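Observations on the model geometry
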Amino acid sequence: MEKADFQSTKEIPVPREIVDQVIGQEEAVEVIKKAAKQRRHLLLIGDPGTGKSMLGLALSRLLPKEKLVDVLAFPNPYDENQPLIRTVPAGQGRELTMKSGGVLPSSDFFKGNNIIMLLLALVISLVPYYFYANKIFPFDSPVIYAASMITGVVFLIGVIFILSISKRMGGMIKTSRPKVIVDNFGKENAPFWDATGAHAGALLGDVLHDPLQSGGLGTPAHERVVAGMMHKAHMGVLFVDEIAILQPSTQQELLTALQEGKFPITGQSERSSGAMVRTEPAPCDFILVAAGNAETIEKMHPALRSRIRGYGYEIYMNDTMIDNEENRKKLMRFVAQEVLKDKKIPHFTKEAAEFIIEEARKMANRKGHLTLRLRELGGLVRAAGDLAVEEKKELVGKEHVIKAKKIARTLEHQMADKFIERKKEYELIKITGEVVGRVNGLAVMGGATTYSGIILPIEAEVTRGNKEKEIVATGKLGVIAKEAIKNVTAVIKKLFDKDMGEYEIYVQFLQTYEGVEGDSASVAVATAIISSLNNLPVRQDTAMTGSLSVLGEVLPIGGVSAKIEAAIETGLKRVIIPESNFQDIVIDKEKLAKIKVIPVTHITEVLKEAMDWKGKTSNRK
């Protein structure tokens, strides 16, 4: 294992093999070793940045090299629209192409010298006029001058005619020369092709359009053949991330290639002359490493997934790992790996590397764990390194990482900052005093990989009436948020033993143009309604978050650290969170000391902390 004590990450040895550089995906590593040995396909599902493409590359490095071949397209003397496909050992394709045809076609020579030849012909044509104009013997006679001009014009026409014939003949000569469409010359490893986001032509191969296809002037069909990435990945690895975004027809053709180990190349545009050309099946015996997120499982072609399951493995990627000494050392090594990979930033001091680990704890959003979304963590490493380079430092220090956190904030964090700034500017967020029916809720912007907290002001008003049977909530609420609001009704009925049908309840999420989704605001909504129902003011120096069950229990939520940080940055003094989330808080001690964190398990505890709550009473008139 790496050194436990070091001065900089330069002292940490980095494994040479890519498979040994993979961090936190031990089970996946064991599977790809089996897949490399037995040539099995893989389906990798998990969050972005957890190492899916790195596993695919590592798999290709484990494959043997000796079976690589070059693929050539030959003209078909019997059907010009069906070029022949042949294979030769890797590296021999170029040699075979150079030997065939014997000499360089004449058109290749004239192609680069057309202008020179025309200029030369023009000069030769004008020489007689120069001699005649200057009365230089023997062109001083009009008869001799006229004969010379006619000769020059004929010579010029002849040159043009020869160029035209050479072009035609060059095209005929070329037809006897094969074209290398897959070239593995000098390759030291099995091919690895990342076809993520590739269109059908790039993935499956294509035949180029040729507007001069008639009259014998067109480019021969076999020379317009372009191999696809799956052909170039023959005997190697084809990696396709977000595979579900491929068109169903493309996925079906990919499945056919997997089943047959070969696939013909044809034009992908039906309006192109290439659509008339279809080669013999070209070899494409590759290992498919398909990747995606949880939605990929539902959206990808069922037959394609079935093929992978039947002839390979499915792996769900880890997004966190246990926070122990061994794994912390792995993250130290990760920092060293990123420095070597980037080649433009200096190594990190031990203190700076330890601060990166602290950020990994926060990003995990789970107590006792470290994040494995290493692409985002690598972004922080490079941003800190850039600052050190700018300051001409030999090592990256902790101060550079702290600065990098500010300048390399995520879009969600920047949006959250502007959101809070606008709310404070127009006094939509109150941090002092007491107000009836108004609560500072907490929410996050972002998703599974990034959290940025925001303050979510919520107001409620309760009036007598019998028109509304449910709570009316406004503020661009999502499906889950609306369902969570409905559950609040049951809690209020239980607290007051009243038929809520005699009240009209309105809840407003103030200026939530971005929309609200999730159930973490249900505790805040219940508090706002109960405050309005009982005319009890709510402390505005307090924020709260938590999901609410129909029994009044406060359930855990996500992004608790980001929410608490948002409350601190806004200037609030207290924050109420689910007790089950207390262990998930990962915030610097100095920063956390600026706010009082109140863990709760039931809505009644929330009410006692947020207002002068004295039990099941209602003094509303």
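As a starting point, this report considers the structure included with it. (Residues numbered from 1 in each chain as written. Predicted model: local features only at pLDDT ≥ 70, side-chain atom pairs only at ≥ 80, totals over all residues. Heavy atoms only, no water.)

A few points about the overall build of the protein
Looking only at helices and strands, one finds 21 helices and 25 strands in the protein. By residue count, 48% of the 621 residues in the protein fall in the buried class. Long-range pairs, those at least 24 residues apart, make up 75% of the contacts in the protein between residues at least 6 apart in sequence. As displayed, the protein has an accessible area near 31,300 Å², and 54% of this comes from carbon and sulfur atoms. (Helix = DSSP H or I, 4+ residues; strand = E, 2+ residues; numbered from the N terminus. Buried < 20%, exposed > 50% of the residue type's maximum accessible area, 1.4 Å probe, protein only. Contact = heavy atoms within 4.5 Å. Areas by Shrake-Rupley, 256 points an atom, 1.4 Å probe, with all protein chains shown as cover.)

What to know about unusual backbone geometry
Despite not being glycine, M235 shows a phi value in the positive range, around 65°. Looking at where M235 falls in the secondary structure, it is placed in the loop between α8 (229-232) and β8 (237-240). Even without a glycine there, the phi angle at N535 is positive, about 55°. Structurally, N535 can be placed in the loop between α18 (522-534) and β20 (537-539).

Here we look at the pairing of strand β1 (residues 41-45)
Two faces, one strand: in a regular strand the side chains alternate between the faces of the sheet. Extensive coverage of β1 is indicated by the burial of 5 of its 5 residues. What you see with β1 is no split at all: H41, L43 and I45 on one side and L42 and L44 on the other are buried throughout. Pairing between β1 and strand β12 (residues 312-316): 5 bridges, direction parallel. Paired with L44 across the two strands is I315, which belongs to β12. The pairing of β1 with strand β11 (residues 287-292) spans 4 bridges and is parallel. (Pairing = 2+ DSSP bridges.)

Topic: the pattern of salt bridges
Under the defined criterion, the tally for this structure stands at 23 salt bridges. Here R305 and E314 are joined by a salt bridge, their closest N and O atoms 2.7 Å apart. Residue classification places R305 among the partly exposed residues on the basis of a relative accessible area of 23%. Exposure remark for E314: the relative accessible area of 35% places this residue in the partly exposed category. (Salt bridge = Lys/Arg side-chain N within 4 Å of Asp/Glu carboxyl O.)

Focus: the environment of V550
Secondary-structure assignment places V550 in the loop between β22 (547-548) and β23 (554-555). Excluding its chain neighbours within four sequence positions, the residues that come into contact with V550 are N487, A490 and V491.

Topic: helix α1 (residues 26-38)
For an α-helix, 3.6 residues make a turn, and residues three or four places apart therefore share a direction. End to end, α1 covers 19 Å across 13 residues, agreeing with the expected 18 Å (1.5 Å per residue, within 8%). The complete set of buried residues in α1 reads A28, V29, V31, I32, A35 and A36. Down the axis of α1, the buried side of the element spans an arc of 160°, and every buried residue falls inside it. Opposite its buried face, α1 presents the exposed residues E27 and K37, each directed more than 90 degrees away. Looking at the buried positions of α1, the neighbouring elements they touch are β1, α2 (52-61), β11 and β12. (Expected span 1.5 Å × (residues − 1). Arc of directions from axis to C-beta.)

Here we look at helix α15 (residues 398-407)
Looking only at α15, the buried set comprises H400, V401 and A404. Axial view of α15: buried residues confined to an arc of 100°, hence all on one face. Structurally, α15 contributes buried residues whose contacts are with α13 (350-364) and α14 (374-390).

As for the environment of V14
Tracing the backbone through its elements, the reader meets V14 in the segment before α1. Between the C-alpha atom of V14 and that of Q337, which follows or precedes it by 323 residues, the distance is 6.3 Å.

Section: the sheet that holds strand β4 (residues 179-182)
Paired through backbone hydrogen bonds, the strands of a sheet run either parallel or antiparallel to each other. Spatially, 3 strands are ordered β3-β2-β4 in an open sheet, and the strand pairing comes out antiparallel. Looking at the sheet topology across the chains shown, the edges are occupied by β3 (84-89) and β4. The average undirected angle you get between the axes of adjacent strands in this sheet is 40°. Bridge analysis of strand β2 (residues 69-74) against β3 gives 6 bridges, and the strand direction is antiparallel. Note on β3: the bridge partner recorded for V71 is T87. Against the sheet, helix α3 (residues 92-99) makes contact with β2, β3 and β4, and its axis sits at roughly 30° relative to β2, the strand it touches most. (Axes fitted to C-alpha atoms, helices over the stretch in contact; angles between N-to-C directions.)

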